[in-house]
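Read off the chains here:
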Amino acid sequence: MRLCVIGNSLEVRHCAVALVQQGHEVYWLLPSDALQMVCNGAAGLQVASDILPATCRSVVPVQTYHWEGIRLVCVPQECWQRSDLHTRLFTCLCLLQRDLPCAVFHAWGPLPIAYLKVYTARFLGVPVVVSSLSAEP
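Predicted, not measured: the structure shown is a model, and the values here were computed from it.

Chemist: Quick rundown of the overall build of the protein? Include the residues and the values.
Modeler: Of regular secondary structure, the protein possesses six helices and seven strands. Of the regular secondary structure in the protein, the N- to C-terminal order runs β-α-β-α-β-α-β-β-α-α-β-α-β. Over its C-alpha trace the protein gives a radius of gyration of 13 Å, about what one expects of a compact globule, namely 14 Å for 137 residues. Along the first, second and third principal axes, the C-alpha set of the protein runs to 35 × 35 × 30 Å.

What follows is the structure, given as structure tokens:
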């Protein structure tokens, strides 16, 4: 089963690794500046320019990697922080779903990104799960 997770916490990493170990195909969208933290200093990262359709890469300038069986999609930090660029993330997610359909979307983290993921999933008719860390509202 193909799944799409979004977020930048260590909990996402644990979840994504467990899902891959169970045989799922995981696409993980995260801010570029979180890569070092969530991937233990990025040891074992392999650049993977072939994991996203060209249409997705043209909407948002991303860096893609393989790590522990996970397909990492690193999105520039400003796309997460600026609400006017959330439309680009929305479009990227829609194009990803069109070309590589995911059975479930899973959002972790702050409300604006969780809202974007839920809105996109509802728009596409894809089931979505939202997880919040205990320290988050």
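Chemist: Quick rundown of the environment of Phe90? Include the residues and the values.
Modeler: Relative to the elements of secondary structure, Phe90 occurs in helix H5 (residues 86-99). Phe90 sits 29 residues away from Tyr119 along the chain, and the two C-alpha atoms are 8.5 Å apart. Residues within four places of Phe90 in sequence aside, it is in contact with Leu116, Tyr119, Thr120 and Phe123.

Chemist: Any details on the pairing of strand S6 (residues 104-108)? Residues and values, ideally.
Modeler: With four of five residues buried, S6 is to be regarded as a mostly interior element. In terms of strand pairing, S6 meets strand S7 (residues 128-131) through four bridges, oriented parallel. What sits directly across from Trp108, in S7, is Ser131.

Chemist: An account of helix H6 (residues 111-124) is requested, with residue identities and associated values reported.
Modeler: Taking 1.5 Å of rise per residue, the 14 residues of H6 would be expected to cover 20 Å, and the 20 Å separating its terminal C-alpha atoms lies within 8% of that figure. Among the residues making up H6, those that are buried are Ile113, Ala114, Leu116, Lys117, Thr120 and Ala121. Projected down its long axis, H6 shows its buried positions confined to an angular sector of 160 degrees, all on one face. The outward face of H6, more than 90 degrees from its buried face, is lined by the exposed residues Leu111, Tyr115, Arg122 and Phe123. Contacts from the buried residues of H6 go to strand S1 (2-6), helix H4 (77-81), H5, S6 and S7. At the C-terminal side of H6, Gly125 shows a positive phi close to 75 degrees.

Chemist: Give me the lowdown on the environment of Ile51, citing residues and values where you can.
Modeler: The topology assignment puts Ile51 in the loop between strand S3 (46-47) and helix H3 (54-59). When the C-alpha atoms of Ile51 and Cys74 are compared, they prove to be 12 Å apart, with 23 residues separating the residues in sequence. If near-sequence neighbours (up to four positions away) are discounted, Ile51 is found in contact with Tyr27, Thr64, Tyr65, His66, Arg71, Leu72, Val73 and Leu100.

Chemist: Break down the packing of aromatic side chains for me, citing the residues and quoting the values.
Modeler: The tally for this structure, following the rule as stated, stands at three aromatic pairs. Note on Phe90 and Phe123: the rings are 5.3 Å apart at their centroids and 65 degrees apart in plane angle, and the pair reads as edge-to-face. Of this pair, Phe90 sits in helix H5 while Phe123 sits in helix H6, placing them 33 residues apart in sequence. On the basis of relative accessible area, Phe123 is assigned to the exposed category, the value being 53%. A connected cluster of aromatic rings, assembled from ring pairs, spans Phe90, Tyr115, Tyr119 and Phe123. Taking the ring centre of Phe105 as reference, the NZ or CZ of Lys117 above it sits at 4.1 Å.

Chemist: For the nonpolar core, give the residues involved together with the corresponding values.
Modeler: Core analysis: the largest hydrophobic core is formed by 32 residues, its most contacted members being Leu29 and Val75. If you list the elements that add at least two residues to this core, you get S1, strand S2 (25-31), H3, strand S5 (70-75), H4, H5, S6 and H6. In contact with Leu29, not counting residues within four places along its chain, are Cys4, Val5, Ile6, Gly7, Val73, Val75, Trp80 and Leu93. Counting residues in hydrophobic clusters, the runner-up holds 20 residues, among them Ala16, Trp28, Leu35 and Cys39.

Analysis parameters
Sequence positions are assigned chain by chain, starting from 1 and proceeding in written order. Given that this is a predicted model, residues contribute local features only at a pLDDT of at least 70 and side-chain atom pairs are listed and counted only at 80 or more, while totals for whole chains, interfaces and linings are drawn from all residues. Values shown for side chains rest on all heavy atoms present in the structure; no hydrogens or waters enter the calculation. For the purposes of this entry, the term helix denotes a DSSP run of H or I that reaches at least four residues, the term strand denotes a run of E that reaches at least two, and both are numbered from the N terminus. Here the globule rule is a power law, 2.2 Å times the number of residues to the power 0.38, and the radius of gyration is based on C-alpha atoms. Residues count as neighbours in contact if any of their non-hydrogen atoms are within 4.5 Å of one another. Type-normalised accessible area, obtained with a 1.4 Å probe on protein chains alone, sets the label of each residue: buried when under 20%, exposed when over 50%, and partly exposed for intermediate values. Whether two strands pair depends on DSSP finding at least two bridges between them. One less than the number of residues in a helix, times 1.5 Å, gives the span that helix is expected to have. Of all possible arcs, the one meant is that of the directions from the helix axis to the C-beta atoms. Two aromatic rings, drawn from Phe, Tyr or Trp (for Trp, its six-membered ring), form a pair once their centres lie within 6.5 Å of each other, and the interplanar angle then sorts them: stacked below 30 degrees, edge-to-face above 60, tilted otherwise. A ring has a charge above it when a Lys NZ or an Arg CZ is no more than 6 Å from the ring centre and no more than 35 degrees off the ring normal. Only buried residues count toward a nonpolar core. Its members are Ala, Val, Leu, Ile, Met, Phe, Trp, Tyr and Cys residues joined through side-chain atoms within 4.5 Å.

Remember, this is a structural readout, not a statement about activity or role.
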